[in-house]
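In case you want the letters, here they are:
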Amino acid sequence: MYVAVKGGERAIDNAHRLLADTRRGDRAVPELTLDQISEQLALGVDRVMSEGSLYDRELAALAIKQARGDLIEAIFLVRAFRATLPRFGASEPVDTGAMAIQRRISSTFKDIPGGQILGPTFDYTHRLLDPQLAGSCDPAEPASAEASDAPTPRVTDILRQDGLIEDSPVAADDAPVGDLTREPLNFPADRDLRLQNLARADEGFLLALGYSTQRGYGRNHPFAGEIRFGEVDVYFEAEDAGFAVPLGSIALTECQMVNQFKGSATEAPRFTRGYGLAFGQSERKAMSMALVDRALRASELGEDVKAPAQDEEFVMSHSDNVQATGFVEHLKLPHYVDFQSELGLLRKLRADFEQAAPQMQEAAE
Amino acid sequence: MIEASYNFAYLDEQTKRMIRRAILKAIAIPGYQVPFASREMPMPYGWGTGGVQVTASILGPDDTLKVIDQGSDDTTNAISIRKFFAKTAGVATTTSTPAASVIQTRHRIPETTLHEGQVLVYQVPIPEPLRFLEPRETETRRMHALAEYGLMHVKLYEDIAKFGHIATSYAYPVKVAGRYVMDPSPTPKFDNPKMNDCAALQLFGAGREKRIYAIPPYTQVVSLDFEDHPFTRYRQNAPCALCGAEDSYLDEIVTDDRGGRMFVCSDTDYCEGRRAQGHTGTESAPMEAADA
Amino acid sequence: MSITELAAGFADPVLASQSVFRTIMDAMARPGSIQRIAAASGTPSPLMRGSAALALALFDHDTPIWLDKTMAEAGEVARWLKFHTGAPLTSDPSAASFALIGAADALPSLDSFALGTAEYPDRSTTLIIQVAGLGAGEAFRLQGPGIKGETQFQASLQTADLFDRLAVNATLFPRGIDVVLVDDDRIVAIPRTTRLVEGD
């Protein structure tokens, strides 16, 4: 006698209860607060905001806590929440030239107006585990100086004054802002949609693609013209107000790559650009994004599309980690019926083979 | 800080309108994949987000919803999706195929013949039947535009040359209304004939790939084949061990590690219905014993 | 005219839109069948109940709308559409997602509307045509997807040659024009796959 498996509903409920319990862990250990996550795991929060496409530290911290530190799961939570939010419009373009800078480096000029500012960076730390951090620690107050009023023009703007680099494309004022979360994506895609895709893209995927261009799979000779991190103001032009209203400020990391020059019989050679922008302090992401943005401009700049990083359908279709993890992990779902169909076919093919085998043997003899 | 209040059937009205317009176009162009701006859903891509968006856009308070996965109402993902709609739309749910007005499915078409007025919503992972022959959307779109399906026939023919049979056992491609080649989603090819001249409306939603397509009722759906290698259905050569059905698609149950196998209906509603009518199989339990 | 004087929209937009959509979905899935729109809204003249309901259920910022002369001349229709749906009006029929036709006897040439492209046949205009009567009048025999065998429907169409003109759908398919005929609260859909049965 056989009784079909039942009780899936109770299994799901119980799994959710167990998950909640496991997430909390040992009750003797104090529970994490969102402030702790936001303050002390700040770069994780930045990544979740960037790839979740929602600037909200508190929600990102909540998502990280709920996801037990699984950042892709946290990004998924933020995305699903974001999809339900009403939309009032698009902000004015942010002016990163007017950024209140905390960190700013250029690898193309030794000194630049406004200076190089190292800021909070892992760059020159020796990667030695710090046993002091295992307990509580109270680091020394940071060194400080008066905030400078000196303008900090972007390195690419300085190059452009001499005509040494291509102009940044300027969108017409009335041109609609593309949004791949609201419009189905078609190929070839314009650069605004490509950059949106890359801004939401998985950091690891972009890192690997950017790296591949450096190793010769679509090489484009990058120099880190400038990487800057700091706060910028966001303005919104409300229809009834008639002027742009400040909404507050957000932390951004911007990377402007200066790439392989290009010229023709009619145009003097100039450097080309690759652009990266991410919420918070996300330098690896912004740099990788700039490398891939430049690689994806291959057709526009008359280069052969040969490497994966230059292939817009390949890059844009596989960059989203929420999509990718969903489809990879869906293999966990039951596939009994299609597997059964495949099994039936395989058994038949094997039976045909067995039947044919003796005849084959005879034919060979 | 977060006030979770969601619209009827979860999706906002603008999204529903966009999906509804896509559905109307899909019905008007049978088998053509209409691009739509799929939303990020609170369930993973690949787990039915396309089907869920289609269902959410058509569902009304008077509907009765059935959700199946692998033919069964009681598989975990089917339960999860059914609960989602019971919660967000407050609709009545059922496991009975004839009683449902909307049926969302993954990988199966119910055994019970569907009737007029019903809507069958398929969850689709990869909507493009040509995708495994040509990964580029720009190329496959051109091939559909020109009805240039030679590549598909070449693939099927290569199977025959290599294996003596068409080696596609599920997601078996069909031609709809004599024009578009369409992926029926990963249903076993056993189910393909049920799509032809079906009284119900069939809608297909692919969330991750952002496509919706449809087969209107009473539409010709032909499985691709060759004159000398006609399409054949495949069914395990056994009756259902619970209800004795000889015409249903079967799940294979591994009963021990010494090669023991038994076969039971994959469509649990169909199987239960037959048992309620008194049909039995070799392994069937008396009804009251099973309930205990 | 102030907003308070404007004809009303749906009392319950969420449920009414769903109900209207199911009606048009059934109509599209069963070409030639007469379906009744249940949801009620205000109707700025000369918009019929069915056309008004379809507009409220399907139009928004993303769907440019073309109005024929009869619809456009009654300024109330444009104001009502803008207020309740936010849909932009276009004077270019080939840019329209939907066209509202109040004078079926002056239906413009079908090729002035968007017919879609071979790659994207869905990028076409859906015509919503108000007619004198559905369910009575001249009889038409139809066949195609959604129709079991063939079906007959009766209509008084001011566009006497409508089906002759729609024959272009057979030539262009998968490009083409989908039509919804409206008579008061009754609608009939003629998608691009529907063909007139010739002869007896």
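Treat the numbers as computed from the prediction; the structure is a model and nothing was measured.

**Here's the deal with the overall build of chain B**
Thinking step 1. Helices and strands together make up the secondary structure of chain B, namely 8 helices and 12 strands.
Thinking step 2. Against the compact-globule benchmark of 19 Å for 292 residues, chain B has a radius of gyration of 20 Å, which places it among compact chains.
Thinking step 3. Oriented by its inertia axes, the alpha-carbon framework of chain B measures out at about 60 × 55 × 35 Å.
Thinking step 4. Residues classed as buried in chain B amount to 65% of the 292 residues present.
Thinking step 5. Restricting the contact set of chain B to residue pairs at least 6 apart, pairs at least 24 apart contribute 61%.
Thinking step 6. Here chain B has roughly 10,500 Å² of accessible surface; of this, 51% comes from carbon and sulfur atoms.

**Describing the side chain of C:T194**
All names here are of chain C.
Thinking step 1. Here T194 lies in the loop between β8 (186–190) and β9 (195–196).
Thinking step 2. Take T194: its relative accessible area is 8%, and that puts it in the buried class.
Thinking step 3. Setting aside chain neighbours within four positions, we find T194 in contact with P31, L142, Q143 and I147.

**So, the interface of chain B and chain C**
Thinking step 1. At the interface, 41 residues of chain B touch 37 residues of chain C.
Thinking step 2. Both sides together, the interface formed by chain B and chain C hides about 3,100 Å², and carbon and sulfur atoms give 64% of it.
Thinking step 3. Applying the counting criterion to the chain B and chain C interface returns 4 salt bridges.
Thinking step 4. Inspection of the region where chain B meets chain C yields 15 residue pairs in polar contact (both at pLDDT 80 or more).
Thinking step 5. Only α1 (13–28), β1 (34–35), α2 (49–58), α4 (137–145) and β8 (201–206) of chain B provide two or more residues apiece to the side of chain B that touches chain C.

**Details of the interface of chain A and chain B**
Thinking step 1. With 50 residues of chain A at the contact, the number on the chain B side is 66 residues.
Thinking step 2. Carbon and sulfur atoms make up 60% of the area that chain A and chain B hide from each other, which totals about 4,900 Å².
Thinking step 3. Taken together, the connections running from chain A to chain B amount to 5 salt bridges.
Thinking step 4. Of the charged contacts, one joins A:D13 and B:K83 as a salt bridge, the two residues approaching to 2.8 Å between their closest N and O atoms.
Thinking step 5. Our count for the chain A to chain B interface comes out at 23 residue pairs in polar contact (both at pLDDT 80 or more).
Thinking step 6. Put simply, the parts of the chain that give the side of chain A that touches chain B at least two residues each are α1 (8–24), α4 (57–66), α5 (71–82), α11 (321–329) and α12 (336–364) of chain A.
Thinking step 7. Here the residues of the side of chain A that touches chain B are counted per class, giving 22 nonpolar, 11 polar and 17 charged.

**What about unusual backbone geometry?**
Thinking step 1. Residues C:S45 and C:P46 are joined by a peptide bond in cis, for which omega reads 5°.
Thinking step 2. For C:P46, the location among the structural elements is in the loop between β1 (35–36) and α2 (49–58).
Thinking step 3. The linkage connecting C:F173 with the following residue, C:P174, adopts the cis geometry, with an omega of 10°.
Thinking step 4. As for its position among the elements, C:P174 is in the loop between α6 (168–172) and β7 (178–183).
Thinking step 5. Although it is not a glycine, A:S53 adopts a positive phi angle of roughly 55°.

**Notes on the packing of aromatic side chains**
Working definition: an aromatic ring pair is given by the centre-to-centre distance plus the angle between the planes.
Thinking step 1. The tally for this structure, following the rule as stated, stands at 15 aromatic pairs over all chains.
Thinking step 2. Between C:R123 and the ring centre of C:Y120, over which it is positioned, the NZ or CZ distance is 3.7 Å.

**Describing the sheet that holds strand β6 (residues 150–156) of chain C**
All names here are of chain C.
Thinking step 1. If you walk across this open sheet you meet the 3 strands as β6-β5-β9, and the pairing is antiparallel. In this open sheet, the two edge strands, each paired with only one partner strand, are β6 and β9.
Thinking step 2. The sheet contact formed by strand β5 (residues 133–143) and β6 spans 8 bridges and is antiparallel. In the sheet register, F140 faces β6, and the bridge partner there is F153.

**A word on the packing of helix α7 (residues 191–200) of chain A against helix α9 (residues 283–296) of chain A**
Residues and elements named next belong to chain A.
Thinking step 1. Look at α7 against α9: their axes get within 10 Å of each other, and the N-to-C directions meet at 150°. For the pair α7 and α9, the sense of crossing is right-handed. In contact with R191, R194, L195, L198, A199 and R200 of α7, α9 contributes K285, M289, V292, D293 and L296.
Thinking step 2. Its residues assigned to classes, the contact of α7 with α9 shows 6 nonpolar, no polar and 5 charged.

**Looking at a negative patch on the surface**
Residues and elements named next belong to chain A.
Thinking step 1. A grouping of E92, D173, D174 and E237 is seen on the molecular surface, where their side chains present a negatively charged patch.
Thinking step 2. As for its position among the elements, E92 is in the loop between α5 and β1 (100–105).
Thinking step 3. Its relative accessible area of 31% is what places E92 among the partly exposed residues.

**Points about helix α1 (residues 13–29) of chain C**
Thinking step 1. Given a rise of 1.5 Å per residue, 17 residues ought to cover 24 Å, and the 24 Å separating the end C-alpha atoms of α1(C) matches this to within 8%.
Thinking step 2. For α1(C), a buried count of 13 out of 17 residues is recorded, marking the element as mostly surrounded by other parts of the structure.

**Focus on the nonpolar core**
Thinking step 1. Of all hydrophobic cores here, the largest spans 90 residues; its most connected members are B:I23, B:L203, C:M25, C:L54 and C:F59.
Thinking step 2. With 9 residues, α1(C) is the largest single contributor of residues to this core.
Thinking step 3. Beyond its immediate chain neighbours, meaning those up to four positions away, C:L54 contacts C:V20, C:I24, C:I37, C:F59, C:I128, C:V180, C:V182 and C:I187.

**Examining the sheet that holds strand β7 (residues 180–182) of chain B**
All names here are of chain B.
Thinking step 1. Taking strand neighbours across the sheet as the criterion, the 3 strands line up as β7-β6-β10 in an open arrangement whose pairing is antiparallel. The sheet is open, and its two edges are formed by β7 and β10 (221–223), each paired on a single side. Direction aside, the axes of adjacent strands within the sheet are offset by 30° on average.
Thinking step 2. For strand β6 (residues 174–176) and β10, the ladder comprises 3 bridges, and the chain directions are antiparallel. Bridged to V176 within β10 is V221.

**Some details on α2(B)**
Thinking step 1. Within α2(B), 10 of the 10 residues are buried, which leaves it mostly tucked inside the rest of the structure.
Thinking step 2. Those residues of α2(B) not exposed but buried are B:T49, B:G50, B:G51, B:V52, B:Q53, B:V54, B:T55, B:A56, B:S57 and B:I58.

**Here we look at the environment of A:Q196**
Residues and elements named next belong to chain A.
Thinking step 1. Note that Q196 resides in helix α7.
Thinking step 2. Apart from residues lying up to four places away in sequence, Q196 is in contact with G178, D179, L180 and T181.
Thinking step 3. Within the local environment of Q196, its side chain forms a polar contact with the backbone nitrogen of L180, the two atoms lying 2.7 Å apart.

**Digging into the pattern of salt bridges**
Thinking step 1. Summed over the entire model, instances satisfying the criterion amount to 58 salt bridges over all chains.
Thinking step 2. In this structure, A:D123 and A:R103 form a salt bridge, with 2.9 Å as the shortest nitrogen-oxygen distance. Of this pair, A:D123 sits in the loop between β1 and α6 (155–161) while A:R103 sits in strand β1, and the two are 20 residues apart along the sequence.
Thinking step 3. The class of A:D123 is partly exposed, set by a relative accessible area of 35%.
Thinking step 4. A residue is classified by how much of its surface remains accessible, and A:R103, at 1% relative accessible area, is buried.
Thinking step 5. Here B:R106 makes a salt bridge to B:D69, at a shortest N to O gap of 2.7 Å.

**With respect to the side chain of B:T219**
Thinking step 1. Inspection of the secondary structure assignment puts B:T219 in the loop between β9 (211–215) and β10.
Thinking step 2. Of note is the side chain of B:T219, whose polar atom sits 2.9 Å from the backbone oxygen of B:P216.
Thinking step 3. If near-sequence neighbours (up to four positions away) are discounted, B:T219 is found in contact with B:V176, B:A177, B:M195, B:N196, B:D197, C:P145 and C:G146.

**Some remarks on the confidence of the model for chain C**
Thinking step 1. The pLDDT averaged across chain C works out to 94; a share of 97% of its residues lies at or above 70.
Thinking step 2. Prediction confidence for the complex, expressed as pTM and ipTM, is 0.91 and 0.97 respectively.

**Side note on the environment of B:E116**
Residue and element names in this part refer to chain B.
Thinking step 1. Tracing the backbone shows E116 in the loop between β4 (102–106) and β5 (119–123).
Thinking step 2. A sequence separation of 101 residues divides E116 from T15, and the C-alpha atoms of the two residues are 27 Å apart.
Thinking step 3. Among the polar contacts listed, one links the side chain of E116 to the side chain of Y218, at a separation of 2.6 Å.

Calculation rules
Residues numbered from 1 in each chain as written. Chains lettered and ligands numbered in written order. Predicted model: local features only at pLDDT ≥ 70, side-chain atom pairs only at ≥ 80, totals over all residues. Heavy atoms only, no water. Helix = DSSP H or I, 4+ residues; strand = E, 2+ residues; numbered from the N terminus. Rg over C-alpha atoms; globule rule 2.2 N^0.38 Å. Buried < 20%, exposed > 50% of the residue type's maximum accessible area, 1.4 Å probe, protein only. Contact = heavy atoms within 4.5 Å. Areas by Shrake-Rupley, 256 points an atom, 1.4 Å probe, with all protein chains shown as cover. Buried area = accessible area lost by both parts, 1.4 Å probe. Salt bridge = Lys/Arg side-chain N within 4 Å of Asp/Glu carboxyl O. Polar contact = N/O pair within 3.5 Å; in protein donor to acceptor, adjacent residues only side chain to side chain. Nonpolar A, V, L, I, M, F, W, Y, C, P; charged D, E, K, R; others polar. Phe/Tyr/Trp six-rings, centres within 6.5 Å; stacked < 30°, edge-to-face > 60°. Lys NZ or Arg CZ within 6 Å of the ring centre and 35° of its normal. Pairing = 2+ DSSP bridges. Axes fitted to C-alpha atoms, helices over the stretch in contact; angles between N-to-C directions. Left-handed = near helix turned anticlockwise from the far one by under 90°. Patch = residues over 30% accessible without salt bridge, like charges linked within 9 Å, V, L, I, M, F, W, Y side chains within 5 Å. Lys, Arg positive; Asp, Glu negative; His and termini not counted. Charge placed at Lys NZ, Arg CZ, Asp CG, Glu CD. Expected span 1.5 Å × (residues − 1). Core = buried A, V, L, I, M, F, W, Y, C linked by side-chain atoms within 4.5 Å. pLDDT = per-residue confidence, 0-100.

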